Amino acid sequence: MEGKAVLFKTFGGVEAFPICLRTQEIDAIVETVKRIAPVFGGINLEDIAAPHCFEIEQRLSEALDIPVFHDDQHGTAVVVLAAMINAVKAVGKTLDSVRIVVNGAGAASLSVSRLLMHAGVKDIVICDTKGVIYKGRPNGMNPFKEQIAEITNLQGLKGELRDVLVGADVFLGLSVPKTVDQDMVRSMAEDPIILALANPVPEIMPDEAFEAGAKIVA
């Protein structure tokens, strides 16, 4: 968090400092932030896991008259959109023509997917530890996954990550290390784009992805 404050100051000229709360209770976090908000021009939520982060961000946004954003949701989404705009240009494709397979269904994944669709992406399939997320899936769902299932995977695909990567233009990893192998990259469309963003170890190492035929790797 101290590092984040330095980035705000260095790149944005924004004075920032970290405040850590000794609670993981939604109501306690919301009430605390509301009470200290008059001091600030904006609130950046950090390190709050899904699904709590969605409710906290929504409640604070509705209650306060200053910007409220959650780094895993908004920060990651903005950076991924920038990468996608550049990547599709580099391979001669367009946002509205590519099929994107997302692995992971946490705060970052769901927010990134929504922003990509807002920017023009029409075909997104999201996977989690239970496999492909589709409308009406009986297991491993929550209200936020059910909402995203209404607007993604319009073909109603089922199965595992390996199954839906076949013919995909883009793999977007917001999950855990080593979930993609070279055969999966080879099964993708021509000039595949690999954004393997698991931290600190990605879903597939860049050299392995390039060796398997990836055109762009991040």
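None of these values were measured; they are calculated from a predicted model. (Residues numbered from 1 in each chain as written. Predicted model: local features only at pLDDT ≥ 70, side-chain atom pairs only at ≥ 80, totals over all residues. Heavy atoms only, no water.)

Q: Before we move on, could you go through the pairing of strand E3 (residues 99-103) and cite the residues and values that matter?
A: Within E3, five of the five residues are buried, which leaves it mostly tucked inside the rest of the structure. Because side chains alternate across E3, one face comprises the buried residues Arg99, Val101 and Asn103, and the other comprises Ile100 and Val102, equally buried. Of the pairings in the sheet, the one linking E3 to strand E4 (residues 123-128) comprises five bridges and is parallel in character. Across the sheet, residue Asn103 finds its bridge partner in E4, namely Cys127. Where the polypeptide runs from E3 across helix H5 (residues 107-118) and back to E4, its parallel neighbour, the crossover connection is right-handed. Both E3 and strand E6 (residues 170-173) contribute to a ladder of four bridges, which runs parallel. From the neighbouring strand, Ile100 faces E6, where its bridge partner is Val170. (Buried < 20%, exposed > 50% of the residue type's maximum accessible area, 1.4 Å probe, protein only. Helix = DSSP H or I, 4+ residues; strand = E, 2+ residues; numbered from the N terminus. Pairing = 2+ DSSP bridges. Right-handed = clockwise from strand over helix to strand, strands pointing away.)

Q: Pulling in residues and values, what's your account of the packing of aromatic side chains?
A: Evaluated as defined, the whole model comprises three aromatic pairs. Here the aromatic rings of Phe8 and Phe69 are separated by 6.5 Å at their centres, their planes lie at 65°, and the arrangement is edge-to-face. Of this pair, Phe8 sits in helix H1 (residues 2-12) while Phe69 sits in strand E2 (residues 68-70); the two residues are 61 residues apart in sequence, bridging distant segments of the chain. Note on Phe17 and Phe40: the rings are 5.5 Å apart at their centroids and 45° apart in plane angle, and the pair reads as tilted. With Phe17 in the loop between H1 and helix H2 (26-36) and Phe40 in the loop between H2 and strand E1 (43-45), this residue pair connects regions lying 23 residues apart in the sequence. Among the residues examined, Phe17 registers a relative accessible area of 53% and is labelled exposed. (Phe/Tyr/Trp six-rings, centres within 6.5 Å; stacked < 30°, edge-to-face > 60°.)

Q: Give me the environment of Leu60: which residues, what numbers.
A: Structurally, Leu60 is set in helix H3 (residues 52-63). Between the alpha carbons of Leu60 and Ala37 there is a distance of 9.8 Å; along the sequence they are 23 residues apart. If we ignore the near neighbours within four places in the chain, the residues touching Leu60 are Val30, Val33, Lys34, Leu45 and Val68. (Contact = heavy atoms within 4.5 Å.)

Q: Pulling in residues and values, what's your account of the pattern of salt bridges?
A: All chains considered together, the criterion is met by 12 salt bridges. In this structure, Lys4 engages Asp71 in a salt bridge whose closest nitrogen and oxygen atoms are separated by 3.0 Å. Placement of Lys4 in helix H1 and of Asp71 in helix H4 (residues 71-90) is noted, with a sequence separation of 67 residues between them. Notably, a salt bridge pairs Glu31 with Arg35, separated by 3.2 Å at the nearest N-O pair. Pair noted here: Glu31 and Arg35 are both in helix H2, with a separation of four residues, about one helical turn. Judged by relative accessible area, Glu31 falls into the partly exposed class, the value being 34%. Among the ionic contacts, a cluster of salt bridges with common partners joins Lys4, Glu46 and Asp71. (Salt bridge = Lys/Arg side-chain N within 4 Å of Asp/Glu carboxyl O.)

Q: Tell me about the packing of H4 against H5, and name the residues and values.
A: As a packed pair, H4 and H5 sit with axes 8 Å apart at the nearest point and diverge in direction by 50°. Taken as axis vectors, H4 and H5 run oblique relative to one another. The element H4 and its partner H5 pack so that their crossing is right-handed. Contacts from Asp72, Gln73, Thr76, Ala77, Val78, Val80, Leu81 and Met84 in H4 reach Ala107, Ala108, Ser111, Val112, Leu115 and Leu116 in H5. The residue makeup of the contact of H4 with H5, split by class, is 10 nonpolar, three polar and one charged. (Axes fitted to C-alpha atoms, helices over the stretch in contact; angles between N-to-C directions. Parallel < 35°, antiparallel > 145°, perpendicular 65-115°, else oblique. Left-handed = near helix turned anticlockwise from the far one by under 90°. Nonpolar A, V, L, I, M, F, W, Y, C, P; charged D, E, K, R; others polar.)

Q: For H5, give the residues involved together with the corresponding values.
A: Over its 12 residues, H5 runs 17 Å from end to end, which matches the ideal 16 Å to within 8%, given 1.5 Å per residue. Along H5, the residues that are buried comprise Ala107, Ala108, Ser109, Leu110, Ser111, Val112, Ser113 and Leu116. Downstream of H5 by one or two residues, Gly120 has phi in the positive range, about 125°. (Expected span 1.5 Å × (residues − 1).)

Keep in mind these numbers describe shape, not what the thing actually does.
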